[in-house]
Amino acid sequence: MTTSAVACRAPGLPARGGVGLKPEHFREILVDRPNIGFFEVHAENYMVDGGPFHHYLGRIRANHCLSIHGVGLSIGSESPLDEQHLNRLAHLLDRYQPESFSEHLAWASHGGVFLNDLLPVPYHAETLARVCAHVSQVQDRLKRRMLLENPATYVEFAASTMTEADFITEVVRRTGCGLLLDVNNVHVACVNHHRDPLAYISSLPLDAVGQIHLAGFARDTDAAGDPLLIDSHGSPVAQAVWDLYACTLDLLGPTPTLIERDNDIPAFPVLLAEAHQAEAIMAAVKTRRPQEIAA
Amino acid sequence: MSHHQAFADSLLAMPPACPPGLTVWNRSDPARRFAVYRNNVMVSLIDALADTFPVTQALVGEEFFRGMAGVFARAHPPRSPVMAHYGDGFPGFIEDFQPAASLPYLAGVARIEMLRVQACHASDADPIPPERFARLLSDPARLPTVRFMLHPSLRILISTHAVVSLWAAHQEDDIGSALAAVDAAQPESALVLRAGLEVETYLVKAGTAAFVQRLQAARSLGDAAEQALAADPSFELSDALGLLLRCGAITGLVP
């Protein structure tokens, strides 16, 4: 597609819809060259020496914009960052030159064990200093600005002395990193912790948002019978999240938006349709607020 | 104890535990919410093993497999964020896993599956150009001393059970009939290799397996053939070389 090719020459992701790239869809995407804003991959899945993953990613990347999204750097870790992992990441980014790199405000490794989940961080001065040092270390090593993703969480900590939004605001201010605003995570965390999602989003440094994530969640209940939403990435984007996304775009203007799906992966056209749905909402925002977008 | 140590320990603990210092807006029991993290960790690790070992799972059934994988995951959680190779210790674990002792071939089938994943992600390399190999064959005096460069994905497995046939039966449409035809007590050897993008699994004779293992240890063609013949009097060098060439296992000659 000419539009994708043109968009890819510009720095950064285009303000369009994108989809997570899954091995199930490699061949179809390579043959069909779908009209899509960008693809996103999990960095760790491509930290292998050779074979089909690199074969397909190399060819698909030549046709499309790319976001590389890390899930294993453990930026919220109590221990120093894994230098070996950082080197692998630098090598991968060097190879594919993605338009965007992002990671999570979370931890996953401790004591040499990788727990394969995005675990929550308490918000206080000590963790703030540590997260900032880690984000700066990543940006220095990778020689680029990273986007930090707000987490979906199920518990809070007695040790926290700051709100999550204040914590993120301070990380962005001190490190100059950007923000990956996961609107599904906002919805999940705000339901789980009884907060107002729009107030949360409004209190973030929205100038720093470089990308949005949308995904599906699962429903559960806590010990008191109150709703407990789980960030499962296993279903279509929920209406409540689409609504929150539209309100978010009213504040942000058109923003690169990824449809995340990691479980129960449907046929590619189903995901593409969700990406196009995001683009339709972006287009509506554009018409509604021409001055703000131009500014 | 550090905050993360308590949290990490509670994630994997049996019976279920909950770390101190968690709060919930409605003052409900945080253990119920912490269980989401416990579940995420265990399900993701067990799912990763199920992805790598589908035939192993088919042989024991999903419920048994997930139970066995859970015991493994608690005892041997990943040490690296690169999950592609998680489970390389699983076949060895299965070998000593008492509840699976009635299936003595299970660990061998799991080994084939792990080798296939390793082969899938191994470095790329092109097969030796046919004319280069033809030149080598035209110089019989040099042949015994030649040493081959082999494809990085090449793996050999020697088993006391019919693990290749058991694995192959699960690739058939009618798995039941295919399995019924397998004598699990027969020793078998496998050659696993990624040719292009596809991982192939070949049933090979004991001599061929010994031959390739010798070549992998950087021994000369003559030495490897001698060892292969000692291991298996029916070993035919031309057959073994023919297979290696056909499947793209030879990528060059060591200068």
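In this text, all values refer to a predicted model and were calculated from it rather than measured experimentally.

**Things to note about the overall build of chain B**
Next, step 1: From N to C terminus, chain B includes twelve helices and six strands.
Next, step 2: Since a compact globule built from 255 residues should have a radius of gyration of about 18 Å, the 23 Å found for chain B marks it as more spread out than a globular shape.
Next, step 3: With the principal axes as the frame, chain B shows a C-alpha extent of 85 × 45 × 30 Å.
Next, step 4: Intrachain contacts of chain B at a sequence separation of at least 6 include 67% that bridge at least 24 residues.

**Description of helix α10 (residues 268-288) of chain A**
Residues and elements named next belong to chain A.
Next, step 1: Under the 1.5 Å per step criterion, the end-to-end length of α10 is 31 Å for 21 residues, consistent within 8% with the ideal 30 Å.
Next, step 2: Within α10, the full set of buried residues consists of Leu271, Leu272, Glu274, Ala275, Ala278, Ile281, Met282 and Val285.
Next, step 3: Those residues of α10 that are buried are in contact with β1 (17-20), β10 (209-214), α9 (239-252) and β13 (257-259).

**Remarks on the interface of chain B and chain A**
Next, step 1: Counting residues at the interface gives 40 residues for chain B and 38 residues for chain A.
Next, step 2: Elements supplying a minimum of two residues to the side of chain B that touches chain A: α1 (3-12), β1 (22-23), α2 (30-52) and α6 (106-121) of chain B.
Next, step 3: The dominant element in the side of chain B that touches chain A, judged by the number of residues it contributes, is α2(B), at ten residues.
Next, step 4: Classifying every residue of the side of chain B that touches chain A gives 21 nonpolar, 13 polar and six charged.
Next, step 5: Taken together, the two bridges between strand β8 (residues 156-157) of chain A and β1(B) define a ladder with antiparallel strand orientation. Looking across to β1(B), one finds that Phe157(A) is bridged to Leu22(B).

**Here we look at the confidence of the model for chain B**
Next, step 1: Chain-level statistics for chain B give a pLDDT mean of 96 and a share of 100% at 70 or above.
Next, step 2: Scored as a whole, the predicted complex attains pTM 0.95, and scored at its interfaces, ipTM 0.95.

**Considering the sheet that holds strand β2 (residues 38-42) of chain A**
All names here are of chain A.
Next, step 1: Pairing is parallel in the closed barrel, where eight strands are placed in the order β1-β2-β3-β4-β7-β9-β10-β13. Each strand axis lies, on average, 30° off the axis of its neighbour in the sheet, ignoring direction.
Next, step 2: Where strand β4 (residues 100-104) meets strand β7 (residues 147-149), three bridges bridge the pair, whose relative direction is parallel. Bridged to Glu103 within β7 is Leu148.

**Quick word on α9(A)**
Turn by turn, an α-helix covers 3.6 residues, leaving residues three or four places apart pointing in a common direction.
All names here are of chain A.
Next, step 1: Under the 1.5 Å per step criterion, the end-to-end length of α9 is 20 Å for 14 residues, consistent within 8% with the ideal 20 Å.
Next, step 2: Along α9, the positions that sit buried rather than exposed are Val241, Leu244, Tyr245, Thr248, Leu249 and Leu252. In an axial view of α9, the angular spread of the buried residues amounts to 145°, which keeps them on one side of the axis.
Next, step 3: Downstream of α9 by a residue or two, Gly253 has a phi angle that is positive, lying close to 80°.

**What about the packing of helix α7 (residues 183-192) of chain A against α9(A)?**
Residue and element names in this part refer to chain A.
Next, step 1: One can describe the packing of α7 onto α9 by two numbers: an axis separation of 9 Å at closest approach and a directional angle of 115°. Both α7 and α9 take part in a crossing whose hand is right-handed. Within the contact between the two elements, α7 uses Val183, Asn184, Val186 and His187 and α9 uses Ala240, Val241, Leu244, Tyr245 and Thr248.
Next, step 2: When grouped by side-chain class, the residues that make up the contact of α7 with α9 number six nonpolar, three polar and no charged.

**Quick look at unusual backbone geometry**
Next, step 1: In this structure, the amide linkage connecting Met14(B) to the following residue, Pro15(B), adopts the cis form with an omega of 0°.
Next, step 2: The residue Pro15(B) is located in the loop between α1 and β1 in this model.
Next, step 3: Located in the positive-phi region is Lys143(A), a residue other than glycine, with phi close to 55°.
Next, step 4: You can see Lys143(A) is positioned in the loop between α5 (125-142) and β7.
Next, step 5: According to the C-beta neighbour criterion, Lys143(A) is exposed, with 9 such atoms within 10 Å.
Next, step 6: The phi torsion at His233(A) lies on the positive side, around 50°, for a residue other than glycine.
Next, step 7: Within the secondary structure, His233(A) sits in the loop between β12 (227-230) and α9.

Cut-off values and rules
- Residues numbered from 1 in each chain as written.
- Chains lettered and ligands numbered in written order.
- Predicted model: local features only at pLDDT ≥ 70, side-chain atom pairs only at ≥ 80, totals over all residues.
- Helix = DSSP H or I, 4+ residues; strand = E, 2+ residues; numbered from the N terminus.
- Rg over C-alpha atoms; globule rule 2.2 N^0.38 Å.
- Contact = placed C-beta atoms within 7 Å.
- Expected span 1.5 Å × (residues − 1).
- Buried ≥ 20, exposed ≤ 12 C-beta atoms within 10 Å, placed from the backbone.
- Nonpolar A, V, L, I, M, F, W, Y, C, P; charged D, E, K, R; others polar.
- Pairing = 2+ DSSP bridges.
- pLDDT = per-residue confidence, 0-100.
- Axes fitted to C-alpha atoms, helices over the stretch in contact; angles between N-to-C directions.
- Arc of directions from axis to C-beta.
- Left-handed = near helix turned anticlockwise from the far one by under 90°.

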